[in-house]
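# Structural characterization, general
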Amino acid sequence: MAERGRPRGFDRAEALRRAMEVFWEHGYEGASISDLTTAMGIRPPSLYAAFGAKEDLFREAVARYEDVEGEPPLRALREAPTAREGVEAMLRANAHAYTEPGRPTGCMVVLAATTYTPSTEGIRDFLAEQRRLLTAAVRERLDRGQAEGDVPSGVDAGALAAYVSSVQFGMSLQARDGATRTELTAVVETAMAGWECAARPRA
């Protein structure tokens, strides 16, 4: 027998995927309970029974987004033979992912909550921390590049990681504004054309 309040054949993973796409498209505040339950194919009591409060559902949706959508670009960053190649591979992967047809554009972690009300301050802080973790992953790859000799030892790895993240986050906003994959790829190529200057040791 299905749990009380849930439809027979309830697929929790599929419901979470659909909720993720609603949050991705509309942001935390813009996604109403009605929007979420309609997309998930359930009623509000079923949502609360399966996922808890809206904030709980959102945090779980972000975790799924990072596992499914965020991991491939980070894997490209980590697995490339040099830091430069890793950064380029990550940015190119994001240019592709941010413009994939049939789903929301841009990055959910960047777009879901940049402004807030007192009741959603925790969500804003949560997403800010997720973005800091993305920058930290770039910094880690640059540090490794310095240890392996493909990034000069005098480079300010923190500043360079912040620059790369700024490009990445800006691409997300441009994708939401309608930038095409070709246009975002051109942004990547422009950013990488300046790599030698950006990765130059500071005086």
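A quick note: this is a predicted structure, and the numbers were derived from the prediction, not measured. (Residues numbered from 1 in each chain as written. Predicted model: local features only at pLDDT ≥ 70, side-chain atom pairs only at ≥ 80, totals over all residues. Heavy atoms only, no water.)

### Let's talk about helix H8 (residues 157-176)
Inclusion rule: By the criteria applied, helices consist of DSSP H or I runs no shorter than four residues and strands consist of E runs no shorter than two, each listed in order from the N terminus. Expected helix span is computed as 1.5 Å times (number of residues minus one). Accessibility here uses a 1.4 Å probe with only protein chains present; expressed as a share of the type maximum, an area under 20% marks a residue as buried, one over 50% as exposed, and anything in between as partly exposed. Here, two residues are considered to be in contact whenever any of their heavy atoms come within 4.5 Å of each other. As used in this structure description, the phrase polar contact means that two N or O atoms lie within 3.5 Å; if the pair is within protein, one of them must be able to donate a hydrogen and the other to accept it, and residues adjacent in sequence are counted only when both atoms belong to side chains.
End to end, H8 covers 29 Å across 20 residues, agreeing with the expected 28 Å (1.5 Å per residue, within 8%). Along H8, the residues that are buried comprise Ala157, Leu160, Ala161, Val164, Ser165, Val167, Gln168, Phe169, Met171, Ser172 and Ala175. Its buried side turned inward, H8 meets helix H5 (83-97), helix H6 (108-111), helix H7 (121-148), helix H9 (181-193) and helix H10 (195-198). Where H8 begins, one side-chain oxygen reaches toward the backbone nitrogen of Gly158, 3.2 Å away; that side chain belongs to Asp156. Once H8 finishes, Gly178 follows within two positions and takes phi at roughly 110°, a positive value.

### Some points on the packing of H7 against H8
A pair of packed helices is captured by two measures, namely the crossing angle of their axes and the spacing between those axes. To be explicit about the condition: Here the axes come from fitting lines to C-alpha atoms, over the contacting stretch only for helices, and the angles between their N-to-C directions go from 0 to 180 degrees. Working definition: roughly parallel below 35 degrees, roughly antiparallel above 145 degrees, roughly perpendicular at 65 to 115 degrees, and oblique for all remaining angles. Each helix crossing is assigned a hand: it is left-handed if the near helix lies turned anticlockwise from the far helix by less than a right angle, otherwise right-handed if that turn is clockwise. Only Asp, Glu, Lys and Arg are considered charged, only Ala, Val, Leu, Ile, Met, Phe, Trp, Tyr, Cys and Pro nonpolar, and every remaining residue, Gly among them, polar.
Their axes nearest at 8 Å, the elements H7 and H8 cross at an angle of 130°. Classified by the angle their axes make, H7 and H8 are oblique. Between H7 and H8 the crossing geometry is right-handed. Contact residues: Arg131, Leu134, Thr135, Val138, Arg139, Leu142, Asp143 and Gln146 in H7; Ala157, Gly158, Leu160, Ala161, Ala162, Val164, Ser165 and Phe169 in H8. Its residues placed into classes, the contact of H7 with H8 shows nine nonpolar, four polar and three charged.

### With respect to the UniProt feature "DNA-binding region" (unreviewed entry) in the protein chain
Going by this rule: UniProt positions are given in the numbering used here, feature names are shortened, and annotations may be inferred rather than shown by experiment.
According to UniProt, the "DNA-binding region" (unreviewed entry) feature falls on residues 32-51. Secondary structure across residues 32-51 comprises 80% helix and 0% strand; the distance between its end C-alpha atoms is 15 Å.

### Looking at the nonpolar core
Cut-off, in case you're wondering: The criterion is simple. A nonpolar core is a set of buried Ala, Val, Leu, Ile, Met, Phe, Trp, Tyr and Cys residues joined through side-chain atoms within 4.5 Å.
Counting residues in each nonpolar core, the largest one holds 57 residues, and the members touching the most others are Phe58 and Met108. Non-local contacts of Phe58, meaning those with residues more than four positions away in its chain, are made with Phe23, Tyr28, Met108, Ala112, Ile123, Phe126 and Leu127.

### Thoughts on the confidence of the model for the protein chain
Condition: Scored from 0 to 100, pLDDT records how confident the predictor is in each individual residue.
In this model, the protein chain carries an average pLDDT of 93, and 95% of its residues clear a pLDDT of 70 or more. No element of the protein chain has a lower mean pLDDT than H10, which averages 90, and none a higher one than H5, which averages 98.

### Things to note about the packing of aromatic side chains
Going by this rule: Here a Phe, Tyr or Trp ring, Trp counted by its six-membered ring, pairs with any other such ring whose centre lies within 6.5 Å, and the pair is stacked when the planes are under 30 degrees apart, edge-to-face when over 60, and tilted otherwise. Only when the NZ atom of a Lys or the CZ atom of an Arg is both within 6 Å of the ring centre and within 35 degrees of the ring normal do we say a charge sits over the ring.
If you walk through the whole model with that rule in mind, you get five aromatic pairs. For the pair Phe23 and Tyr28, a centre-to-centre distance of 6.1 Å together with 10° between the ring planes defines the contact as stacked. Like Tyr28, Phe23 is buried. With centroids separated by 4.9 Å and ring planes inclined at 85°, the aromatic side chains of Phe23 and Phe58 adopt a geometry described as edge-to-face. Of this pair, Phe23 sits in helix H1 (residues 12-30) while Phe58 sits in helix H4 (residues 54-79); the two residues are 35 residues apart in sequence, bridging distant segments of the chain. An identical accessibility class is assigned to Phe23 and Phe58; each is buried. Following the ring pairs from residue to residue traces out a cluster consisting of Phe23, Tyr28, Phe58 and Phe126. Lying across the ring of Tyr28, Lys54 places its NZ or CZ 4.5 Å from the centre. One Lys or Arg, Arg59, reaches over the ring of Phe126 and ends 4.5 Å from the middle of that ring.

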